[in-house]
Amino acid sequence: AADAQAVVSLRMIYAATGQASPLETRRMVNEKVAALFEAQNAIAAAFFLGRPRAAPSKVIAVYGKRVRANRRRLTR
């Protein structure tokens, strides 16, 4: 959750100061769409394998991986 808040804050700061590039904006949208599909696949796989209780942790793992990568990229 802290990483997600940091990414949101960094993106808001970049937008407010005019440092947000169109490339980063497109990348952000594309990543969100890709993460959604990956999360849906993780949910479907958990149910298909008979482990529906594993679905929430699989979704958190999908988004957590992407958020950590975004934070690393945005803080360089």
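Our subject is the structure that appears above.
Engineer: For the overall build of the protein chain, give the residues involved together with the corresponding values.
Structural biologist: Looking only at helices and strands, one finds three helices and zero strands in the protein chain. Its helices and strands in sequence order give the protein chain the pattern α-α-α, from N to C terminus. Here the C-alpha atoms of the protein chain give a radius of gyration of 15 Å, more than 25% beyond the 11 Å that 2.2 N^0.38 yields for 76 residues. Its C-alpha atoms put the protein chain at 50 × 25 × 15 Å along the principal axes. For the protein chain, the proportion of its 76 residues judged to be buried stands at 24%. Summarising the internal contacts of the protein chain: among those between residues at least 6 apart in sequence, 69% fall at separations of at least 24. With the model as given, the accessible surface of the protein chain reaches about 5600 Å², and the carbon-plus-sulfur share is 64%. Looking at the protein chain, you have 14 positive and 4 negative side-chain charges, and the mean spots of the two groups are 4 Å apart.

Engineer: Quick rundown of the environment of Ala1? Include the residues and the values.
Structural biologist: One can find Ala1 in the segment before helix H1 (2-16). Take Ala1: its relative accessible area is 93%, and that puts it in the exposed class. A sequence separation of 13 residues divides Ala1 from Tyr14, and the C-alpha atoms of the two residues are 20 Å apart.

So, how was this worked out
Residues numbered from 1 in each chain as written. Predicted model: local features only at pLDDT ≥ 70, side-chain atom pairs only at ≥ 80, totals over all residues. Heavy atoms only, no water. Helix = DSSP H or I, 4+ residues; strand = E, 2+ residues; numbered from the N terminus. Rg over C-alpha atoms; globule rule 2.2 N^0.38 Å. Buried < 20%, exposed > 50% of the residue type's maximum accessible area, 1.4 Å probe, protein only. Contact = heavy atoms within 4.5 Å. Areas by Shrake-Rupley, 256 points an atom, 1.4 Å probe, with all protein chains shown as cover. Lys, Arg positive; Asp, Glu negative; His and termini not counted. Charge placed at Lys NZ, Arg CZ, Asp CG, Glu CD.

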